[in-house]
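Chain residues, written in single-letter form:
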Amino acid sequence: MTHSELSSTSNSTSRQHVTVGVDGSESSIDALGWARRIAVVLDAEIDAVTAWHYPASDGLSYVGIDWDPSVDAAGILADALRAAFGEDQPAGLRAVVTEGHPAKVLLDASADAEMLVVGSRGHGGFVGMLLGSVSSRCAEHAACPVLVAHRKA
């Protein structure tokens, strides 16, 4: 598993933080807003986490294709942070891009968090589902409280 930290204003390893899952969906942008409000109340910093993984293949290699999914994921995260916060990003915000299944990445990233915030449905959800598979798995298995942010109707 690789891990890439895009930005950080904190070097403390024992800092209080709220972890938020970001996939670029409207629901995850709402989750960033909730994470900011919670972080203020808890006097905590925010770790905005985006996960990526190589798509399943049929054994054919992608030789000659100059594509780096971590770069795409970093762009999605940066766009979501701009959509949620504009130029007024919270102090101590860390933007983290990690390879792996989104639920596992978020569970690992939130192991020592004060709270995990996720959107109710990401880009992979089925129409009509109230809770996506990642948010459902996080709510069931996280070691900290979990807030599942739903879009206002």
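Residues numbered from 1 in each chain as written. Predicted model: local features only at pLDDT ≥ 70, side-chain atom pairs only at ≥ 80, totals over all residues. Heavy atoms only, no water.

Colleague: Before we go on, may I ask you to explain unusual backbone geometry in this structure?
Modeller: A negative phi holds for most residues other than glycine; trans holds for most peptide bonds. Even without glycine at this site, Asp43 takes up a positive phi of about 55°. Mapped onto the fold, Asp43 is located in the loop between helix 1 (26–42) and strand 3 (45–52). (Helix = DSSP H or I, 4+ residues; strand = E, 2+ residues; numbered from the N terminus.)

Colleague: Sorry if this is basic, but what is going on with the nonpolar core here?
Modeller: Core analysis: the biggest nonpolar cluster contains 24 residues, and Val18, Val20, Leu32, Ala48, Leu81 and Val117 have the highest contact counts within it. Broken down by secondary-structure element, the contributors of at least two residues to this core are strand 2 (17–21), helix 1, strand 3, helix 2 (69–85), strand 4 (94–99) and strand 5 (115–119). Once residues within four sequence positions are removed from consideration, Val20 is found in contact with Ala31, Leu32, Ala35, Ile46, Asp47, Ala48, Val49, Leu106 and Val117. In this structure, Leu106, Leu107, Ala113 and Cys138 belong to the second largest nonpolar core, which totals 10 residues. (Core = buried A, V, L, I, M, F, W, Y, C linked by side-chain atoms within 4.5 Å. Buried < 20%, exposed > 50% of the residue type's maximum accessible area, 1.4 Å probe, protein only. Contact = heavy atoms within 4.5 Å.)

Colleague: Would you take a moment to explain the pattern of salt bridges for this structure?
Modeller: Side-chain pairs of opposite charge can arise where the charged atoms are in close proximity. Applying the stated rule across the entire model yields 6 salt bridges. For the salt bridge of Asp79 with Arg82, the shortest nitrogen-to-oxygen distance reads 2.4 Å. Of this pair, Asp79 and Arg82 both sit in helix 2, 3 residues apart, which is roughly one turn of the helix. Exposure remark for Asp79: the relative accessible area of 45% places this residue in the partly exposed category. With relative accessibility at 45%, the residue Arg82 sits in the partly exposed group. Notably, a salt bridge pairs Lys104 with Asp108, separated by 2.7 Å at the nearest N-O pair. (Salt bridge = Lys/Arg side-chain N within 4 Å of Asp/Glu carboxyl O.)

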